[in-house]
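Structural characterization, general
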Amino acid sequence: MHDIVILGGGSGGYACALRASQLGLSIVLIEQDKLGGTCLHRGCIPTKALLHAAEVADTAREGEHIGVHSTFNGIDMTKVNEYKDGVIGRLYKGLQGLVKSRDITYVEGSGKLVAPNAVEVNGQRYEGKNIVLATGSFARSIPGLEISGRIMTSDQALLMDYVPASAIILGGGVIGVEFASVWKSFGVDVTIIEGLPTLVPAEDAAVSKAMERAYRKRGINFKTGVRFQSASQDDKSVTITLESGETVSADLLLVAVGRGPRTENLGYEDQGISMDRGFVLANDRLATNVPGVFAVGDIVPGLQLAHRGFQQGIFVAEEIAGLAPATIDELGIPRVTYSEPEIASIGLTEAQAKEKYGEVDAYEYNLGGNGKSQILGTTGFIKLVRKKSDGIVVGVHMIGARVGELIGEAQLVYNWEGTAEDVAPLVHAHPTQNEAMGEAFMALAGKPLHAHA
Ligand SMILES: Cc1cc2nc3c(=O)[nH]c(=O)nc-3n(C[C@H](O)[C@H](O)[C@H](O)COP(=O)(O)OP(=O)(O)OC[C@H]3O[C@@H](n4cnc5c(N)ncnc54)[C@H](O)[C@@H]3O)c2cc1C
């Protein structure tokens, strides 16, 4: 009998295994595909490699504006894929080495929960005092929309060996706007279709609005508040029809309408685990209703982010080892969208904060006053939201080139329940974009330097 049997070797599962091994527990880690899961092989890493290639393409285009002779001569997808796969390959090798170097029993194969304390793989039963479910997620489609040929999800889009002339993206959330950003930079005519009233609808309203302005300026087409009805394809193109009767045609259709939990036929319901629409229900200590069974990562309702999975995996390992770790505040998990411009946020939007706390102050520091942002030629802002009652900052929302790198300070302020008065005296290096964060806090503390009021 092992201490922990972990089903799924993605962000949540492997983080749990690594932390549990540090704590001296005996572990079985079961993975049916590749260690590293979605994030490493089909998610975070490949998309960010493509986004970096897109940034290089834009830099080549923009060189002339600042007196650097450069031209954009096109994209060689074979080379882009080599670069992307090289990054994945090196990280994959490193991760395999890390797991090998620890006292972890790694099992290859598809596992099924056959008892509250046992998982079966290839006819072999692995028993654990504790079970951690970490089977992740898959790209959803919508009823009646079959993924084949020119109609694809991010899984196929990441393997494409050519640059299409045009693309429709169904869904204006994180994955949708990231692909739109890459493809536009690669020279594709992109149209995003979003059912809700704005792009990136989960973000603060000011950020969504700024994102739409930025995408309009980049020539990325989008239709918001429209409902998809059907799609058809032939050997030349794909055409979608909206409920309004309007049609849009392109070389391909990327379906980016969210990710569903990968929990079907894995024995979870049979063992009495409480589920909701396929998600595994877990309490704030990540325990399911069945004693000894925990769940982490994308199968647990909430933000589907790799670093949430890592943190939950670590939490469960420490919980099982008896360390009684502090629970994870879902709102304290940073959220970054790596498009151009980037979006980064933490905590509550202004509207959510108003609903929760009544009176709040919000302040927007415009990147126009920030030297480094001027040098980079980016626009955008940093928006702070604080409670009026005690001044504690409950939300930070940013948009602009590279603002994802600023989320570190924002998350410390949010998670340490800081106020503008706590941060304003801290010195921020000049000229950095991080300085804009300092300026925003100085302004909120009533002593703006490079800002009006
Ligand atoms: C296109 C895209 C871009 C993304 N970009 C980002 C980003 O920039 N930043 C970020 O934080 N997140 C990003 N994500 C989300 C991130 O990838 C997920 O949140 C993360 O991978 C979830 O980790 P997980 O461990 O829950 O699941 P997964 O990573 O999906 O891992 C689950 C693992 O379980 C295995 N498994 C499933 N069933 C079984 C079984 N029966 N037996 C054995 N093994 C099994 C699977 O093979 C898989 O390896 C992105 C996702 C996508 C699709």
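Residues numbered from 1 in each chain as written. Predicted model: local features only at pLDDT ≥ 70, side-chain atom pairs only at ≥ 80, totals over all residues.

Quick word on the overall build of the protein
Looking only at helices and strands, the protein has 13 helices and 24 strands in total. For 453 residues, the compact-globule estimate of 2.2 N^0.38 gives 22 Å, and the C-alpha radius of gyration of the protein, at 23 Å, lies within 12% of that figure. C-alpha atoms of the protein, sized along the principal axes, occupy 65 × 60 × 45 Å. Of all 453 residues assigned to the protein, the portion counted as buried reaches 45%. Contacts in the protein between residues at least 24 apart in sequence constitute 64% of all its contacts with a sequence separation of at least 6. (Helix = DSSP H or I, 4+ residues; strand = E, 2+ residues; numbered from the N terminus. Rg over C-alpha atoms; globule rule 2.2 N^0.38 Å. Buried ≥ 20, exposed ≤ 12 C-beta atoms within 10 Å, placed from the backbone. Contact = placed C-beta atoms within 7 Å.)

Side note on the site of the ligand
Taken together, 37 residues lie around the ligand, and Gly-8, Gly-10, Gly-37, Gly-136 and Gly-297 are the ones closest in. Only helix H1 (11–22), strand E2 (27–31), helix H2 (37–42), helix H3 (44–62) and helix H8 (306–320) provide two or more residues apiece to the shell around the ligand. Sorting elements by how many residues they give to the shell around the ligand places H2 first, with four residues. Residues of the shell around the ligand, tallied by class, amount to 10 nonpolar, 21 polar and six charged. (Near = placed C-beta within 6 Å. Nonpolar A, V, L, I, M, F, W, Y, C, P; charged D, E, K, R; others polar.)

Overview of the pairing of strand E6 (residues 124–133)
Two strands pair when backbone bridges link them, and strand E1 (residues 2–7) and E6 are joined in this way by five bridges, in the parallel orientation. Bridged to Ile-6 within E6 is Val-132. Pairing of strand E5 (residues 118–121) with E6, which is carried by four bridges, proceeds in the antiparallel orientation. Paired with Ala-118 across the bridge in E6 is Glu-127. Hairpin connection, E5 to E6: the antiparallel pair is bridged by two residues, and Asn-122 has positive phi, about 50°. Where E6 and strand E19 (residues 293–295) come together, three bridges link them in parallel fashion. If you follow Val-132 over to E19, its bridge partner there is Phe-294. (Pairing = 2+ DSSP bridges.)

Structural notes on the environment of Ala-54
Structurally, Ala-54 is set in helix H3. Residue Ala-54 is classed as buried on the basis of its C-beta count, with 22 C-beta atoms lying within 10 Å. For the pair Ala-54 and Gly-136, spaced 82 residues apart in the sequence, the C-alpha separation amounts to 28 Å. When residues no more than four places from it in sequence are discounted, the contact partners of Ala-54 are Ser-181, Val-182, Ser-185 and Phe-186.

Some thoughts on the sheet that holds strand E23 (residues 381–387)
Hydrogen bonds between backbone atoms are what pair the strands of a sheet, whose relative direction is either parallel or antiparallel. On the basis of which strands lie adjacent, the open sheet formed by five strands has the order E20-E21-E24-E23-E22 and antiparallel pairing. Strands with a single pairing partner mark the edges of an open sheet, and in this sheet they are strand E20 (335–337) and strand E22 (360–366). Strand-to-strand twist of the sheet, defined as the mean angle between neighbouring strand axes without regard to direction, takes the value 10°. Where E22 and E23 come together, seven bridges link them in antiparallel fashion. Looking at the pairing, Tyr-363 lines up with Leu-384 of E23. Across the sheet, helix H9 (residues 350–357) is in contact with E22, E23 and strand E24 (393–400); its angle to E22 comes to roughly 165°. (Axes fitted to C-alpha atoms, helices over the stretch in contact; angles between N-to-C directions.)

Remarks on unusual backbone geometry
For the bond from Glu-340 to Pro-341, the omega torsion is 0°, close enough to zero to count as cis. A cis amide bond links His-430 to the next residue, Pro-431, at an omega of -10°. Tracing the backbone shows Pro-431 in the loop between helix H12 (420–423) and helix H13 (434–444). One non-glycine residue, Arg-277, lies in the positive phi region at around 50°.

Side note on the domain arrangement of the protein
Its domain assignment divides the protein into domain 1 (2–139 + 260–330), domain 2 (151–257) and domain 3 (341–444). Between domain 1 and domain 2, the C-alpha centre-to-centre distance is 27 Å. Contacts between the two partners involve 13 residues from domain 1 and, on the opposite side, 14 residues from domain 2. Looking at the side of domain 1 that touches domain 2, the elements that each hand over two or more residues are H3 and helix H4 (77–101). With seven residues, H3 is the largest single contributor of residues to the side of domain 1 that touches domain 2. (Domains from an automatic or database assignment.)

Some remarks on H1
Since the α-helix advances by 3.6 residues per turn, residues separated by three or four positions end up pointing in the same direction. Here H1 is 12 residues long and its end C-alpha atoms lie 17 Å apart, about the 16 Å a rise of 1.5 Å per residue gives. With 11 of 12 residues buried, H1 lies mostly within the body of the structure. If you check which residues of H1 are buried, you get Ser-11, Gly-12, Gly-13, Tyr-14, Ala-15, Cys-16, Ala-17, Leu-18, Arg-19, Ala-20 and Ser-21. Looking at the residues trailing H1, positive phi occurs at Gly-24, about 80°. (Expected span 1.5 Å × (residues − 1).)

Here we look at the nonpolar core
Counting residues in each nonpolar core, the largest one holds 129 residues, and the members touching the most others are Ile-6, Ile-169, Leu-253 and Leu-254. Once you skip the residues sitting within four places of it in the chain, Leu-253 turns out to touch Arg-150, Ile-151, Ile-168, Leu-170, Ala-231, Val-238 and Ile-240. (Core = buried A, V, L, I, M, F, W, Y, C linked by C-beta atoms within 7 Å.)

With respect to the sheet that holds strand E12 (residues 228–233)
Taken in spatial order, the three strands make up an open sheet running E12-E13-E14, and their pairing is antiparallel. Strands at the two margins of the open sheet, each flanked by one partner only, are E12 and strand E14 (247–250). Neighbour-to-neighbour, the strand axes of this sheet turn through a mean angle of 20°, independent of strand direction.

Some details on the packing of H3 against H4
Between two packed helices, both the angle of their axes relative to each other and the distance between the axes serve to describe the pair. At a minimum axis distance of 9 Å, the contact between H3 and H4 shows a crossing angle of 140°. What the angle tells us is that H3 and H4 run oblique. Judged by the sense of rotation from one axis to the other, the crossing of H3 with H4 is right-handed. From H3, Ile-45, Pro-46, Ala-49, Leu-50 and Ala-53 reach across to H4, where they touch Val-80, Tyr-83, Lys-84, Val-87, Ile-88 and Leu-91. Residue classes in the contact of H3 with H4 are distributed as 10 nonpolar, no polar and one charged. (Parallel < 35°, antiparallel > 145°, perpendicular 65-115°, else oblique. Left-handed = near helix turned anticlockwise from the far one by under 90°.)

Some details on the pairing of E14
As paired strands, strand E13 (residues 238–242) and E14 are joined by four bridges and run antiparallel to one another. Its bridge partner being in E14, Thr-239 is matched across the sheet by Ser-249. The hairpin formed by E13 and E14 contains four residues between the paired strands, and Gly-245 there has a positive phi angle of roughly 100°.

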